[in-house]
Amino acid sequence: SLIKQCIKEFKSDDFERIRDEALSLEYDGRRSINEMIHPARRLCLLIERYKREFPRGADVEDEIPTPFVCACEKGRIDDVELFVNLHPFHKYITNRDVNGDWGGMTLKGMVNQVGKNGDGNSRTPLMAAAYREEHFHIVQYLIEECEADPNITRGYGYNSLHCAAKYNKKNT
């Protein structure tokens, strides 16, 4: 069973007690195995999932896409919020290929960092959300909750507003 595998892997028999408590009607704590996984491990698994899905840029094959930027580009608000909430745990991921340059960065720095989208092009997370697909909910979240700066420009001098206007997007 999963519980026996967890006991063996984590060298702890506490999982049975946690399972029994979580299944009781009066329990107000964690009810999911995902809630018991250490946040740094959850972040690492999330990053690895994006690295598998976007191994190389579709247009620029030499570029490795940035997982957080890809989540914004694809409109995956749950993953965007997870990246933001797990931001403090980037420093525990020592593999630079997985972690990128975010190890000691503030949240504001992370959401304003230029990375690579799924095509391998340079974008901030806000630019990626505002571009072709117009993910307004992510644009709003990044600006209001994470202090994303809409004035940051990329190589050609385009900012997030230019990215949205290029494809005649009216909501972002």
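This structure is a prediction, so every number in the text was calculated from the model and none was measured.

Definitions and cut-offs
Residues numbered from 1 in each chain as written. Predicted model: local features only at pLDDT ≥ 70, side-chain atom pairs only at ≥ 80, totals over all residues. Heavy atoms only, no water. Helix = DSSP H or I, 4+ residues; strand = E, 2+ residues; numbered from the N terminus. Buried < 20%, exposed > 50% of the residue type's maximum accessible area, 1.4 Å probe, protein only. Core = buried A, V, L, I, M, F, W, Y, C linked by side-chain atoms within 4.5 Å. Phe/Tyr/Trp six-rings, centres within 6.5 Å; stacked < 30°, edge-to-face > 60°.

Caption draft 1: Up close: the environment of Asn121. Relative to the elements of secondary structure, Asn121 occurs in the loop between β1 (115-116) and β2 (122-123). Asn121 gets classed as partly exposed once you look at its relative accessible area, which sits at 21%. A sequence separation of 57 residues divides Asn121 from Ile64, and the C-alpha atoms of the two residues are 9.5 Å apart.

Caption draft 2: Representation of the nonpolar core. Counting residues in hydrophobic clusters, the biggest one holds 29 residues, and the most contacted among them are Tyr50, Phe68, Cys72, Val80, Phe83 and Leu142. Of all elements in the fold, only α4 (39-53), α5 (67-73), α6 (77-85), α8 (107-111), α9 (125-130) and α10 (136-146) reach the threshold of two or more residues within this core.

Caption draft 3: How the structure looks around the packing of aromatic side chains. In the structure shown here, the tally under the stated rule is three aromatic pairs. Taking the centre distance of 6.0 Å and the plane angle of 15 degrees together, the rings of Tyr50 and Phe54 count as stacked. For Tyr50, a relative accessible area of 1% translates into the label buried. For the ring pair Phe68 and Phe83, a centre distance of 5.6 Å and an interplane angle of 65 degrees mean the geometry is edge-to-face. One end of the pair, Phe68, is in helix α5; the other, Phe83, is in helix α6, with 15 residues separating them in the sequence. Of the residues examined, Phe83 reaches a relative accessible area of 0% and is grouped as buried. The rings of Tyr50, Phe54, Phe68 and Phe83 are connected pair by pair, giving a single aromatic cluster.

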